[in-house]
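# Commentary on secondary and tertiary structure
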Amino acid sequence: MLSENELIQIRRHLHQIPELALKEHETHAYLLKMIAQLQTDYMEVQTPAELPTALLVLIKGTAPQRTIGYRTDIDALPVTEATGLPFTSQHPGVMHACGHDIHMTVALGVLSYFASHQPKDNLLFFFQPAEESENGGKLAYERGIFNGQWRPDEFYGLHDNPDLPAGAIGCRMGTLFAGTTELNIDIEGQGGHAAFPQDANDAVVAMATLVTQIQTIVSRNIDPIQSGVVTIGKVEAGTIRNVIAGHARLEGTIRGLTQEMILKIDDRLRALCQGLEVSFGVKVKLELNQGGYWPVENNPALTKRFINYMQTAPGVNFIETKPAMTGEDFGYLLAKFPGTMFWLGVEDDAQLHSATLTPKEASIQRGVTAITGFLTARMNEK
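To start, this report covers the structure provided alongside it. Along every chain, residues carry numbers that run from 1 in the direction the sequence is written. Side-chain atom pairs in this predicted model are given and counted only at pLDDT of 80 or more, local residue features only at pLDDT of at least 70, and totals for whole chains, interfaces and linings cover all residues. Water and hydrogen atoms were dropped before computing side-chain values, which therefore reflect all heavy atoms in the structure.

### With respect to the sheet that holds strand S10 (residues 228-237)
Between any two strands, at least two bridges found by DSSP are needed for them to pair. In this description a helix means any DSSP run of H or I spanning at least four residues, a strand means any run of E spanning at least two, and both kinds are numbered starting from the N terminus. Spatial ordering of the open sheet is given by S10-S12-S8-S13, a layout of four strands whose pairing is antiparallel. Each end of this open sheet is capped by a strand with a single partner; those strands are S10 and strand S13 (283-289). Strand-to-strand twist across the sheet, computed as the mean angle between neighbouring axes with direction ignored, equals 15 degrees. As judged from the nine bridges shared by S10 and strand S12 (residues 247-256), these two strands associate in the antiparallel manner. Bridged to valine 229 within S12 is arginine 255. Here helix H5 (residues 203-221) sits on the sheet and contacts strand S8 (179-188), S10 and S12; the angle it forms with S10, its principal contact strand, is near 170 degrees. Sheet strands touched by helix H6 (residues 259-280): S8, S10, S12 and S13. Its angle to S13, the strand with the most contacts, is close to 170 degrees. Note on geometry: axes are C-alpha line fits, over the in-contact stretch for helices, and angles between N-to-C directions span 0 to 180 degrees. Throughout, a contact is declared for two residues whenever any of their heavy atoms are within 4.5 Å.

### Overview of the pattern of salt bridges
Any carboxyl oxygen of Asp or Glu that lies within 4 Å of a side-chain nitrogen of Lys or Arg is treated as forming a salt bridge with it. Summed over all chains, the structure comprises 17 salt bridges. A salt bridge links arginine 71 to aspartate 73; its shortest N-O distance comes to 3.7 Å. Accessibility expressed as a relative area gives 1% for arginine 71, which makes it buried. For the exposure calls, accessible area comes from a 1.4 Å probe over protein chains only, and a residue counts as buried if that area is under 20% of its type's maximum, exposed if over 50%, partly exposed in between. Taking the relative accessible area as the measure of exposure, aspartate 73 reaches 0% and is therefore buried. Glutamate 328 is the salt-bridge partner of arginine 71, the closest N and O atoms lying 3.1 Å from each other.

### Considerations on the side chain of histidine 103
In this fold, histidine 103 is placed in helix H3 (residues 100-116). When its relative accessible area of 1% is taken as the criterion, histidine 103 is described as buried. N or O atoms closer than or at 3.5 Å make up a polar contact, with two conditions inside protein: a donor-capable atom paired with an acceptor-capable one, and, for residues adjacent in sequence, both atoms drawn from side chains. Side-chain polar atoms of histidine 103 contact the side chain of aspartate 73, separated by 2.6 Å. Excluding residues within four positions of it along the chain, histidine 103 makes contact with Thr72, Asp73, Cys98, Leu158, His159 and Asp160.

### As for the packing of aromatic side chains
A pair of Phe, Tyr and Trp rings is counted when the ring centres sit within 6.5 Å of each other, with Trp represented by its six-membered ring. The angle between the planes then sorts it: under 30 degrees is stacked, over 60 is edge-to-face, the rest tilted. One pass over the structure, following the stated rule, counts 15 aromatic pairs. Relative to phenylalanine 337, the ring of phenylalanine 155 has its centre 5.7 Å away and its plane inclined at 75 degrees; by these criteria the two rings are edge-to-face. A residue pair is termed long-range when its members are at least 10 positions apart, and phenylalanine 155 in strand S5 (residues 154-161) and phenylalanine 337 in the loop between helix H8 (330-336) and strand S16 (339-345) qualify at 182 residues. Across the pair, exposure class does not vary: phenylalanine 155 and phenylalanine 337 are buried alike. Ring centres of tyrosine 156 and phenylalanine 374 lie 5.2 Å apart, and the angle between their planes is 70 degrees; on these two criteria the pair is classed as edge-to-face.

### Some details on the layout of surface pockets
Looking at the largest pocket, its volume works out to about 460 Å³. Lining residues are those with an atom within 4 Å of a point, where the points come from a 1 Å grid over the protein atoms alone and group into cavities, where a 1.4 Å probe fits but cannot get out, or pockets, open sets with protein on both sides within 12 Å along at least five of seven lines. In terms of lining, the largest pocket is formed by 25 residues, of which the most central are Phe177, Thr326, Gly327, Leu352 and His353. When the residues that make up the lining of the largest pocket are grouped by side-chain class, the tally is seven nonpolar, twelve polar and six charged. Grid points are joined across faces, edges and corners, and a volume is the space filled by probe spheres set on the points. For this scheme, ten residues count as nonpolar: Ala, Val, Leu, Ile, Met, Phe, Trp, Tyr, Cys and Pro. Four count as charged, namely Asp, Glu, Lys and Arg, and the remainder, Gly too, count as polar.

### Focus on helix H7 (residues 300-312)
For H7, which comprises 13 residues, the first-to-last C-alpha distance of 18 Å matches the rise-based estimate of 18 Å (1.5 Å per residue) to within 8%. Of the surrounding secondary structure, the elements contacted by the buried residues of H7 are S5, strand S6 (169-171), strand S15 (318-320), S16 and helix H9 (362-379). If you check the start of H7, you find a side-chain oxygen 3.2 Å away from the backbone N of alanine 301, and it comes from asparagine 299. Expected span of a helix, by definition, is 1.5 Å for each gap between consecutive residues, and there is one gap fewer than residues.

### A short note on the packing of H3 against H9
Taken N-terminus to C-terminus, the directions of H3 and H9 make an angle of 50 degrees; their axes are 9 Å apart at the nearest point. Relative to H9, the element H3 lies oblique. Remark: the crossing between H3 and H9 carries right-handed chirality. Contacts between H3 and H9 involve Ile102, Thr105, Val106, Gly109, Val110, Tyr113 and Phe114 from the first element and Ser363, Ile364, Gly367, Val368, Ile371, Thr372, Leu375, Thr376 and Met379 from the second. Within the contact of H3 with H9, the residues separate by chemical class into ten nonpolar, six polar and no charged. Each angle gets one of four labels, with under 35 degrees taken as roughly parallel, over 145 as roughly antiparallel, 65 to 115 as roughly perpendicular, and the rest as oblique. Should the near helix be turned anticlockwise from the far one by less than a right angle, the crossing is left-handed, and should it be turned clockwise, the crossing is right-handed.

### Observations regarding the sheet that holds S5
Strand order in the open sheet made by the eight strands is S1-S2-S4-S3-S5-S16-S6-S15, with mixed pairing throughout. The sheet is open, and its two borders are formed by strand S1 (43-46) and S15, each paired with just one other strand. Direction aside, neighbouring strands of the sheet carry axes that sit 25 degrees apart on average. Here S5 runs beside S16; their pairing, made up of seven bridges, is parallel. What sits directly across from leucine 158, in S16, is phenylalanine 342.

### Let's talk about the environment of isoleucine 262
One can find isoleucine 262 in helix H6. With 250 residues separating them in the primary sequence, isoleucine 262 and arginine 12 have C-alpha atoms 38 Å apart. Those residues in contact with isoleucine 262, other than ones at most four positions away along the chain, are Gly179, Thr180, Thr181, Ile254, Arg255, Gly256 and Pro295.

Rendered as structure tokens:
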């Protein structure tokens, strides 16, 4: 079993080799090297051809009732690190600014425990590429890598949280992370001279009206007890002050706590775009990227067990958390397999995706201890 010091050294090495989605080749090779040192006769390792930077590790149980899945993400972000750490990123412009180096290290710690303490149930570890972009969880499912012995009956995973004390476990019933849809809207009018608006069809005016109308979707179509967000973060139109713009573009994001809510917002947005075409005589092209993140909706029965364990386990600091409007692509897998996602506190002033994120390494061993304890307890249940 890996010691706390060994885990910290692993984390620091992983931190130095961050890689972007679907390009995690060095990370993949290092993970394989570490796992090879833990190899037992009841462990099987696979690199699926359908997703070459993914990694599956199956630890076979002594008397399996089920296969319990544990997922960790392995990719990084296009962020230039500014921590000043002695083990800073060696890949310019790329950083583990979301703490996936912590995620991987905790997973290796849990794997190392069960490699030396053969579990009762089967344990499937999924080292997933492309969480930050490219929808790695969805790709894995659609490409069929969870077939046969590689199919989990339930799935668990964590995300680090700088707002929680180092090593604390946070969770909640229901939605942990919001789902997202990315939106693009192109409005085609008719350009013309600023002095002759009657001979043009101003796309800017139509765009301004639509931006205002979009703000009514959440305020007038979503239950005020629920939560949803529609943000237009980018607008483009025109080339010079005295020319009426014939084209305008909006880009934004939709976030909701359930997939049903997101689809309702999507439908309302379609209706507003259709109405704009009638009202202003413009053509509107709406693109909704529904391949974005699904909400991370925790399974009620499994999450109740998880929370009950963490609330009573010696040495575990459990904190009930509120839902977050940030996204996490584990939501897609939780829509296909029952399971639970939870937070691991890493206590830092910097936020996720920040160039100065510096998670506290004391969180690693505490996370490993809490998770191995829970998984062992879960295996003793019917």
